[in-house]
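Tertiary structure, described
Spelled out, the chains give:
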Amino acid sequence: MTISFKDIKAWQLAHQFVIDVYRTTRSFPKEERVGLSSQFQRAAVSIAANIAEGYKKLGKADKLRFLNMSQGSLEECRYYILLSKDLEYIGSDAYLRLNDEIEKVSWFINAYCKGIINNQGISD
């Protein structure tokens, strides 16, 4: 049983991903502050924020809706990782690190969804 959204592994990994995205985008060109950097940061924050917001929703459908929004933001970030590499804003090490992080977040969000669907501690 969890006491807070902070106890959810998917949120913990998503939060760490947000921190890494902010650190990584610091080195992007200044002209990207209102472009790719900002979009990437907002999408990353949205992953963790939607997990947190959905945590307190009472119904299964509401919880899953927020997790689905989180997954949408996650896919947006997948594209920003690729774009950042293709624009040569990040090197191959950062690309691989961010891809690895996002894969883990995705896996845990999917597992959390399955737990909700299978009524593991969730009432509808």
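Structure's up top.
This text gives an overview of the structure that appears in the document. (Residues numbered from 1 in each chain as written. Predicted model: local features only at pLDDT ≥ 70, side-chain atom pairs only at ≥ 80, totals over all residues. Heavy atoms only, no water.)

Quick word on the packing of aromatic side chains
Summed over all chains, the structure comprises 5 aromatic pairs. Consider the rings of phenylalanine 28 and tyrosine 89, whose centres lie 5.1 Å apart with planes at 45°: the pair is tilted. With phenylalanine 28 in the loop between helix H1 (9-25) and helix H2 (36-55) and tyrosine 89 in the loop between helix H3 (60-86) and helix H4 (92-117), this pair connects stretches of sequence that are 61 residues apart. On the basis of an interplanar angle of 75° and a centroid distance of 4.9 Å, the ring pair of tryptophan 107 and phenylalanine 108 is categorised as edge-to-face. Feature note: the residues Phe40, Tyr79 and Tyr80 constitute an aromatic cluster, connected by ring pairs. It is lysine 63 that lies over the ring of tyrosine 55; its NZ or CZ is 5.7 Å from the centre. (Phe/Tyr/Trp six-rings, centres within 6.5 Å; stacked < 30°, edge-to-face > 60°. Helix = DSSP H or I, 4+ residues; strand = E, 2+ residues; numbered from the N terminus. Lys NZ or Arg CZ within 6 Å of the ring centre and 35° of its normal.)

A word on the packing of H1 against H2
For any two helices packed against each other, the geometry comes down to the angle between their axes and how far apart the axes lie. Packing of H1 against H2 leaves a shortest axis separation of 9 Å and a crossing angle of 165°. Classified by the angle between their axes, H1 and H2 sit roughly antiparallel to one another. In this structure, H1 meets H2 at a crossing whose hand is left-handed. Across from Ala10, Trp11, Ala14, His15, Phe17, Val18, Val21, Tyr22 and Thr25 in H1, the residues of H2 making contact are Ser37, Phe40, Gln41, Ala44, Val45, Ile47, Ala48, Ile51 and Ala52. (Axes fitted to C-alpha atoms, helices over the stretch in contact; angles between N-to-C directions. Parallel < 35°, antiparallel > 145°, perpendicular 65-115°, else oblique. Left-handed = near helix turned anticlockwise from the far one by under 90°. Contact = heavy atoms within 4.5 Å.)

Focus on H2
In this model H2 runs 29 Å from its N-terminal to its C-terminal C-alpha over 20 residues, within 8% of the 28 Å that 1.5 Å per residue would give. Here H2 lies mainly inside the structure; 14 of its 20 residues are buried. (Expected span 1.5 Å × (residues − 1). Buried < 20%, exposed > 50% of the residue type's maximum accessible area, 1.4 Å probe, protein only.)

Comments concerning the environment of serine 84
Relative to the assigned elements, serine 84 resides in helix H3. What makes serine 84 buried here is its relative accessible area of 0%. Residues serine 84 and aspartate 7, spaced 77 residues apart in sequence, show a C-alpha to C-alpha distance of 31 Å. Setting aside residues no more than four positions away along its own chain, serine 84 makes contact with Phe28, Leu36, Phe40, Tyr89 and Ile90. A distance of 2.7 Å separates the side chain of serine 84 from the backbone oxygen of tyrosine 80, its partner in a polar contact. (Polar contact = N/O pair within 3.5 Å; in protein donor to acceptor, adjacent residues only side chain to side chain.)

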